[in-house]
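Okay, here's what each chain looks like letter by letter:
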There are 2 protein chains.
Amino acid sequence: MLEHLFSPNKIAVIGASRQVGAVGHDIVKNLIEGGFAGEIIPVNPAGGTLLGLPVYTSLKEYKESLDMAIIAVNKDLIIDVVQDALSKRCTTIVAIGAGFKESGDEGAMLEQEVLTLCKRSGARLLGPNCLGFINTELKINASFAGPMPRKGGISIFSQSGALATAMLDQAEQRGLGVSKLISVGNKADITENDLLSYFAADSSTKVVAGYLENIVNGNNFLKHATHISRKKPVILLKSGTSEAGQKSATSHTGAFTGTDTAYGAAFKRAGIVRADNFDDLFDCTMAFSNQPLPKGNRVLIISNAGGTGTIAADAVEHTGFKVAEPPSNKTNSLRGRKPIYSDIESPVYVLGDAPAALYVEAISTAQEDSNVDAIVLVLTPAAMTEAKAVLLGIAEVLDGSKPLLCCLMGGGAYVPPMHELVDAGLAIFPTPERAVAAFSAMYNHASWRSLPPRIVTRFRVNRRRAGRIIQRSQASGVRRLGEVRAKKILDAYGFNVPEGYLVDSADEAVEYARRIGFPVALKVVSPDIVHKTDMGGVCLNLTNAQQVQDGYDLMKLRIKQQLPNARIQGVYVEKMADPGLEVIIGMNRDPQFGPMLMFGLGGIFVEVMKDVTFHLAPITQDEAIQMLKATRSYQIMEGRRGNKAVDIVAIANGLQRISQLATDYPQIVELDINPFIVGEVGSDPIVADACITLEIPEETL
Amino acid sequence: MLEHLFSPNKIAVIGASRQVGAVGHDIVKNLIEGGFAGEIIPVNPAGGTLLGLPVYTSLKEYKESLDMAIIAVNKDLIIDVVQDALSKRCTTIVAIGAGFKESGDEGAMLEQEVLTLCKRSGARLLGPNCLGFINTELKINASFAGPMPRKGGISIFSQSGALATAMLDQAEQRGLGVSKLISVGNKADITENDLLSYFAADSSTKVVAGYLENIVNGNNFLKHATHISRKKPVILLKSGTSEAGQKSATSHTGAFTGTDTAYGAAFKRAGIVRADNFDDLFDCTMAFSNQPLPKGNRVLIISNAGGTGTIAADAVEHTGFKVAEPPSNKTNSLRGRKPIYSDIESPVYVLGDAPAALYVEAISTAQEDSNVDAIVLVLTPAAMTEAKAVLLGIAEVLDGSKPLLCCLMGGGAYVPPMHELVDAGLAIFPTPERAVAAFSAMYNHASWRSLPPRIVTRFRVNRRRAGRIIQRSQASGVRRLGEVRAKKILDAYGFNVPEGYLVDSADEAVEYARRIGFPVALKVVSPDIVHKTDMGGVCLNLTNAQQVQDGYDLMKLRIKQQLPNARIQGVYVEKMADPGLEVIIGMNRDPQFGPMLMFGLGGIFVEVMKDVTFHLAPITQDEAIQMLKATRSYQIMEGRRGNKAVDIVAIANGLQRISQLATDYPQIVELDINPFIVGEVGSDPIVADACITLEIPEETL
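Model, not experiment: these values are computed from the prediction. (Residues numbered from 1 in each chain as written. Chains lettered and ligands numbered in written order. Predicted model: local features only at pLDDT ≥ 70, side-chain atom pairs only at ≥ 80, totals over all residues. Heavy atoms only, no water.)

A. Spotlight on the overall build of chain A. Within chain A one finds 23 helices and 32 strands. Out of the 701 residues in chain A, the part that is buried amounts to 60%. Contacts in chain A between residues far apart in sequence, at least 24 positions, make up 72% of those at least 6 positions apart. Looking at chain A as shown, the accessible area adds up to about 28,000 Å², and 50% of this sits on carbon and sulfur atoms. (Helix = DSSP H or I, 4+ residues; strand = E, 2+ residues; numbered from the N terminus. Buried < 20%, exposed > 50% of the residue type's maximum accessible area, 1.4 Å probe, protein only. Contact = heavy atoms within 4.5 Å. Areas by Shrake-Rupley, 256 points an atom, 1.4 Å probe, with all protein chains shown as cover.)

Given below as C-alpha cells:
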C-alpha cells in the first residue's frame, strides 16, 4: 500500500524557500544532497532559482504529472495547494506544517478536509505536522530531519518529529544504518498500522524502531503487529504511560487498568518489544539488528577485567538469567584460565591483557559449547587489551548461532568507529547492564515466537438468555447490573451461581431460606446501593429461621436509617457458598484494545498488594493459566505455605468464560466477580458476588 | 592522613621501562606529560636514560631521601624493593603489580609482609594490584590509567583498575573535570575509609564517585561516609549485589538479608548516593557536581518538542514526583505559550523554535516561581532551536536556587563541547529518563540531609538477667534458644510475654492451665524440633481441662511417631494471646554492618509477598516508624481497608527494644519474634513465639 510513498520519481516541494534553515529550503537541499535521482520541482510564488533548480511560481505552471507533493506552506493555503497537487495526479501528499488536529477543533476540521480531498483522489496523506520521510535505498531524503543517514536495515517511525530527529541522531551515533525513516505526525491517513504492514513485506527492513503516543486502531494494530513480529522485531517506545486515567474508574478491575496496562497487554500479545526508555529503544534495536535470538538463558561472561565482569554477572542474575558454567574441559582457551568467581559465586572469565587470538578462541569455544546460550563480552579501555584486534577478530569467527553482546566501556581511541563494528556483525553497548537488558528483550521475544498457536475454546453457553437480560437492561436505561441480574447472566455462561430468590418480606425470606436450606445469606437489592456491606445491607451465615427474621428486619432498619431515600427492590435470599479461596475475576473494556481480563487473589492481595495480572480477550487456556502464574500469590493457590491447593483449571475456565462473554457482548463495559470462591481440585467455583456495567446507547439516556 | 599520598615531591618509579606500553614506562611518561613539578627517579637494573631522565640501576644508587616509591616490578622482587624504598624514608609506597591477595593464600602472605614493612616504617601503602593515582591540582599523574584528565571537582576511587579507567574515560566524555583519581586495588592499607575521610576535608573535591566490591570495615565506613555526606555527596556503584548468600540462612529474617540488603541499609543510613548502574553513577555525579539540592518535588518541564516533553513528564510521574503546574500568571514568557497537556494531564511547556531569549526568560521565570522546585529542559536537535544560544544563555541566568537538568537528545553539531557546558554550570544528560533518575537521587539526598538528629532511646531493661541466660546457653554450647529461653530474654527487655510454665505431664499441664486461666496453648520444647507446628507440637486455644489433657497426650503421641529420637525437654503451657494483627520483628547480624532489623506483616505478607523492610541498629523512633511505613501493608496497620488500626508506636518500640538488645549483646546472631501480636492503640503487643540464635565461641564447640 505504501510503495508510492517510498518510491516517487517526481517530487514537488511547495513552499520551497531560499532562506537557509526554513523547512521549504532544507527539504529541497536534503533531496539534492541525499542524491535523489528523480525530478525535484520547487514551487514558490517568488520564482527564480533555488540551489540550481528553477522555481515554479505555482504548481499550475508545471505541465506534467507528479508523484508526490511535499507541502511546506502556511495552513491557510493548504487546501488550494493540495487541490493543485492532486490535479497533477499525485499519489502521495506529504503535509509538513502544523496547525491541524494538534491545535484544536478548527485545525482538526481543516485536517479532515485535506484528508477528504486526498481520499477522493485515491492519494495517501503523510502528516500533517510531520518532518517528511527518508528512503536510503532510493536516496530520497524528503525530510528536514537531518542529513541522509547511512544505509542499513533499521526502519524508524515516529509520532513526534523531534523524536524522529533524535532517533536518526542516535542511529548514527550507534553505528546503525537506516533503511526508512517516517515522521507520521498527526497520522490523518498513514498510521503505524500501514507502516507495520509495509515493513513486514519490505525486504530491506530488518528491524523496526518506533515512537508512539497513541494507537489509531487497536484491532488493526494487533493484527499487523503480530504479523510483522513473527518475521522481524518491532521495538516501540510508548510515552504517556502514567496512570492518571485510572482515577475515574469505579470497579476493582477498572481501578487497575489505566491505558498503559492495555498497551502493555497488547504489545505483549502482539510480540512487540517494548522499550523502557530512549536508551533501551536503541539498545534493543542494536541487539536485534545483527544478533540471532537466543535459545536459552545461560550467559557466558568474558571480560578483560574482574570488576566489569562482576557487574555483568550481577546484571545477568538480577534479570533472572543464569551465568553460564565453565565451558566443558575440551582443549580450549578458557581451560587454562581459571574463571574468577565473584562474591555471587558466578564465574566470570577474565582474560585481561591476553592477546587478541585468545579472545577470539574463547568466543569460538563458547559458540560451540552447548552449555552457553549467549555471550557477553566486556572490554574496558586498558591499553594492554588490543581492543581493535579483539573486536575485528571476533567478528570473523561469529557463526550466527548465538547472540554476542559486546560492551565497550569507553576507550574511543582504541576501537574502530562504531559503524565498522556494527557492519562487521557486532552489537555494541556502552555498559554491561544495558547489554543484559537488551538480551532480556531478545530472550522474551524468542519465547513469544515459540508460543504454540493460539486456540481459543468456545464453551457451550446460553448466549440468548444473557443477551435478553442485557438488552432489557439497556432498553430501560439500567447501566449498572447489580448482583441478581449479573448472576443471571453469569449463570447463562455456565458459572456456578448459588440458588437464590428475591423476597419482599421477612416471612418470605424465611420461607425461601427453608426451601434453599440453611445456612443462607441475605443481601439488599437496590440500584442506589453499591457498597452493600458498608450500609449494613448484607447478612451472612444465617443458620435458622430466627436469624433470617432478625437479619431481615435489622437490614431494613439500618438501610432506612442510613439511606432513607434508597429505592429498595427487595432482599435476595441466597444459599451460602462453602468457604474456599476468594479470588477476583474482572473485565474492563479498553477504548483501543477492547476487553481486558483481570485476575487476582481476593481482598488484601488485590487492594493492598495490587497483585493482579491482565490479559486481552479472547484468551486461551494456556494464557489464562499464565495469568494465574504471573501473580505472586500463585503459590497460595498451588497449595504451598500451608494452604490447600485449589482448582487452577477451574479459575482458568472462569477467565475463559468471561472472555467469551465479553467478546460476545461488546455492550459489557466492566465486569467483576468478587469474590469467586474456589475450592479443591475437582470442585466447581462459586460466584459469590458480581456486578456488570453496560454501555447505554445514547438514545436511551 | 593521606596528604603525603597526594603531594609527593620526589617520586621513584621502580621498574621503569623503555618498552612503550609497559606499566613501568607509562607511569614515567604520564608523570612527565602530566607536568609533575617535582623530581622523578626512574629505577631499572638496565640503567641508561628514559624519556630524557637518567635511570638508576638500583634505588641504592640514589643518595637522597624520597617521598614516594611507585613499584612496578615482579612480585618476587617486591620485598627487597620495598625495603630499599623505606630506607629512603618514603612516606608512601604505591604497589602496582598483581599476584597478591587476589591470587590466593601465598599472595596474601606476601601482601601482609609488604604491609608489615610499611607499617613498621610509618609509611602508607596504596595497592597492591592497582593503577596508581592522579592529582590534577599538583599535576601528578602517577598512574597508567590514561592521560591527565581535565582539572575539576570530581574525585574518583575504584576497587577495580578497569573501572577506574572506564570512569576516567566517562568523566572526560561527560565534560566533568577531575580532582583526584585513586585506584585502591587490594586495599591492603589505604581503603575507602581513608579516602572518604580525606575527601571530606579536601577543598578541591566537590563530589566523590566510587566503585566498590566490598567494604573493609563496616563501622568505620558508616562513620566516615556519614561525616562526608553531610558536606558533599558520595556516589557509589557497588557490585556483587545478587543475593545467592541468602540461601544458607535459616531464620525468617536471615532468609531475607543477603549481603546486599545490608549494604543498601548502610548506604541509606550514611547518606551515600547509591548508583543503580554505571550510567547512573555518572548521571548522579553530573547532577551533584554543579546543581543545588532541590527543596521539593515539583518539576517544571520545558521542551522544544511535545514528544520528548511527554517522555519527561512520564518519567517524573513514574518516579513519584509532581509535574509542576503553570508558573503563576505574572508577565512572563510562558504565559503566552499554552502548555501542552499530555495524555497524563501533566503540563509540558513546548517552546519549539522560539528564540533563545524566550528559553532564557522561561528558565528565569521558573527559577523565581515558588511552585517550581526543579526544572528539566529537553532539547532535541531541531535545526530551528538555537541550542548553543539557548544553553549558554540559560547558564548566564542560573542563580543556584534550584536544580536545572538539561537533556540533549543528540545534536552534537549544534551544541558546544560538553566540558564548556558543564563549566558554564549546566548538568547535561542524554535522555529525560536519566535526568529524572538523577533528580530523584538529589531529592533523596536532600531528604537525608534534612533528617533530624538521630536520638536513640535507651529503654530501662533488665540487661543482667538477659546476659545471664545468654552466657549460660553459650557456656553449655546451646546455639539456638527455643521459645522458652528466647521469651525470658525478651521479657527482660520489657516485652510482654504470655505467662507460661514448662511441664512434664498431662496432669501438671492441666494444673498450670487452671492457674493461668483458659484458654491456653501447649507447645513442645525440644532442641531437635525447629518447626513445632509441622510436627504436631503445637495445640492452640484449649478452653478446658479435658482439652488440655487430650492435647498433651496427642502431642506426645505424634512427636513419638514422627521424631522418635527427639530430645523432649517438656511441654510449655502458656496463656493464649488475644487475637490481633500478627507481625514479624527480626534481627540478623551482618558480618560488616552488624545488627540489621527486619519488619513485616506476618504470614503470607512476609512469606509470599516478601513485603519486608530493613534498618541497621541502633534505630531511632522515627526510623522505626519509617520502617513500618515503608511496607506496602502499612495501610492494613493504619486501619484502612476494613481493618482496625493497630498500635504503630508499640511496634516501633518493639523494634527499638530489639535494636537495644542486639547492640547490648553482639553474641546474638539472629532473632525472630514471629508472630508479634499487636492490638488496638494503647494495648501492649504480645510475643507469641520467638527464637534466638547465639554465636558460640570456638572453645565451646
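The rest of the description comes next.
B. Quick look at the interface of chain A and chain B. Residue-level contacts link 52 residues of chain A with 52 residues of chain B. Regarding the contact of chain A and chain B, the summed buried area is about 4,200 Å², with carbon and sulfur atoms giving 63% of it. If you look at where chain A meets chain B, you find two salt bridges. Its salt-bridge partner being Arg434(B), residue Asp279(A) comes within 2.8 Å of it at the nearest N-O pair. (Buried area = accessible area lost by both parts, 1.4 Å probe. Salt bridge = Lys/Arg side-chain N within 4 Å of Asp/Glu carboxyl O.)

C. Spatial organisation of the environment of Val461(B). Residue and element names in this part refer to chain B. With respect to the helices, strands and loops of the structure, valine 461 is situated in the loop between α15 (432-449) and α16 (463-475). Separated by 210 residues in sequence, valine 461 and leucine 671 place their C-alpha atoms 18 Å apart. Those residues in contact with valine 461 that sit more than four places away from it in its chain are Ala492, Tyr493, Arg657 and Gln660.

D. A look at the relation of the copies chain A and chain B. Rotating chain A by 180° and translating it 0.1 Å along the rotation axis places it on chain B, where the RMSD comes to 0.2 Å. What the superposition gives is, in effect, a two-fold axis relating one chain to the other. Considering only C-alpha atoms, the residue of chain A closest to the rotation axis is Met609(A), which sits at 3.9 Å. A shared binding surface is used by both copies, with 98% of the interface residues of chain A retained as interface residues in chain B. (Least-squares fit on C-alpha atoms with pLDDT ≥ 70 in both.)

E. Structural context of the pairing of strand β1 (residues 10-14) of chain A. Residue and element names in this part refer to chain A. The buried fraction of β1 amounts to five of the five residues, a majority that puts the element mostly inside the structure. What you see with β1 is no split at all: Lys10, Ala12 and Ile14 on one side and Ile11 and Val13 on the other are buried throughout. As defined by bridge partners, β1 adjoins strand β2 (residues 39-43) across five bridges and the pair is classed as parallel. Of the residues in β2, the one forming a bridge with valine 13 is proline 42. The sheet contact formed by β1 and strand β5 (residues 68-71) spans four bridges and is parallel. Along β5, the bridge assignment pairs isoleucine 14 with isoleucine 71. (Pairing = 2+ DSSP bridges.)

F. Structural view of unusual backbone geometry. Following Asn674(A), the chain continues into Pro675(A) via a peptide bond in cis, with omega recorded as 0°. Mapping Pro675(A) onto the fold places it in strand β30 (residues 668-678). Following Phe518(B), the chain continues into Pro519(B) via a peptide bond in cis, with omega recorded as -5°. Secondary-structure assignment places Pro519(B) in the loop between α18 (506-516) and β24 (520-525). Although it is not a glycine, Lys187(A) sits at a positive phi angle of roughly 55°. In this structure, Lys187(A) sits in the loop between β11 (178-183) and α6 (192-201).

G. Geometry of the confidence of the model for chain A. Residue and element names in this part refer to chain A. Taken as a whole, chain A shows an average pLDDT of 89; of its residues, 92% reach a score of 70 or greater. Counting contacts from residues 243-255, a segment whose pLDDT is below 50, to residues more than four positions away or on other chains yields 24 contacts. Overall, residues 341-345 carries pLDDT values under 50, and its contacts beyond four positions in sequence, including any with other chains, amount to 13 contacts. Across the whole predicted complex the pTM is 0.90, and at the interface the ipTM reaches 0.87. (pLDDT = per-residue confidence, 0-100.)

H. Quick look at the sheet that holds strand β13 (residues 234-238) of chain B. All names here are of chain B. Spatially, β9-β8-β11-β10-β12-β13-β14 is the arrangement adopted by the seven strands of the open sheet, whose pairing is mixed. The open sheet is flanked by β9 (140-143) and β14 (273-274), the only strands paired with a single partner. Of the strand pairs in this sheet, strand β10 (residues 151-158) and strand β12 (residues 207-212) are connected by five bridges, and their pairing is parallel. Considered in β12, the bridge of serine 155 is made with valine 208.

I. Region of the structure containing helix α12 (residues 356-368) of chain B. The terminal C-alpha atoms of α12(B) lie 19 Å apart, and with 13 residues this matches the ideal 18 Å at 1.5 Å per residue to within 8%. Close packing links the buried residues of α12(B) with β15 (298-303), β19 (374-379), α13 (387-397) and β20 (404-408) of chain B. (Expected span 1.5 Å × (residues − 1).)

J. Structural detail: the sheet that holds strand β23 (residues 500-503) of chain B. Residue and element names in this part refer to chain B. As summarised here, the arrangement of the four strands in space is β23-β26-β24-β25, forming an open sheet in which the pairing is antiparallel. Unpaired on one side and paired on the other, β23 and β25 (538-542) mark the two borders of the sheet. On average, each strand axis in the sheet is inclined to that of its neighbour by 20°, with strand direction left out of account. Pairing of β24 with β25, which is carried by three bridges, proceeds in the antiparallel orientation. In the strand pairing of β25, leucine 522 is matched with cysteine 539. Docked against the sheet, α18 engages β23, β24 and β26 (570-575), running at close to 170° with respect to β23. The sheet strands contacting helix α19 (residues 545-562) are β23, β24, β25 and β26, and the helix crosses β24 at an angle near 20°. (Axes fitted to C-alpha atoms, helices over the stretch in contact; angles between N-to-C directions.)

K. Structural view of the nonpolar core. One finds Phe133(A), Phe221(A), Ile302(A), Phe133(B), Phe221(B) and Ile302(B) to be the most contacted residues of the largest nonpolar core, which totals 278 residues. Excluding residues that lie within four positions of it along the chain, Phe221(B) makes contacts with Glu192(B), Asn193(B), Leu196(B), Leu212(B), Ile215(B), Thr226(B), Leu236(B), Phe267(B), Ile272(B) and Phe593(B). Among the nonpolar cores identified, the runner-up in size contains 95 residues, and Leu490(A), Leu581(A), Ile651(A) and Phe495(B) belong to it. (Core = buried A, V, L, I, M, F, W, Y, C linked by side-chain atoms within 4.5 Å.)

L. Geometry of the UniProt feature "domain: ATP-grasp" (unreviewed entry) in chain A. Summarizing the sequence annotation, UniProt attributes the feature "domain: ATP-grasp" (unreviewed entry) to residues 487-523 of chain A in the numbering used throughout. From the first C-alpha to the last, residues 487-523 of chain A spans 13 Å; its make-up is 46% helix and 22% strand. (UniProt positions renumbered as here; feature names shortened; annotations may be inferred.)

M. Region of interest: the environment of Val524(B). Residue and element names in this part refer to chain B. For valine 524, the position within the fold is in strand β24. Classification of valine 524 as buried rests on a relative accessible area of 5%. Sequence separation between valine 524 and alanine 324 is 200 residues; the distance between their C-alpha atoms is 61 Å. Not counting the four nearest positions on each side in its chain, valine 524 is found in contact with Ile529, Lys532, Gly537, Met555, Ile559, Ile568, Gly570 and Val571.

N. View of helix α2 (residues 23-34) of chain A. Residues and elements named next belong to chain A. Taking 1.5 Å as the rise per residue, α2 with 12 residues should run 16 Å; its terminal C-alpha atoms sit 16 Å apart, in good agreement. Taken as a whole, α2 has its buried residues at Gly24, His25, Asp26, Ile27, Val28, Asn30, Leu31 and Gly34. Packing partners of the buried residues in α2 comprise β1, β2, β3 (49-50), β4 (53-54), β5 and β9 (140-143). Downstream of α2 by one or two residues, glycine 35 has phi in the positive range, about 95°.

O. Looking closely at the pattern of salt bridges. One pass over the full model with this rule turns up 61 salt bridges over all chains. Lys487(A) is the partner of Glu483(A) in a salt bridge, and the nearest nitrogen-oxygen pair spans 2.6 Å. You can see Glu483(A) and its partner Lys487(A) sitting in helix α17 (residues 483-492), four residues apart, about one turn around the helix. Each member of the salt-bridge network shares a partner with another, and the members are Arg174(A), Asp279(A), Asp283(A), Arg434(A), Arg174(B), Asp279(B), Asp283(B) and Arg434(B).

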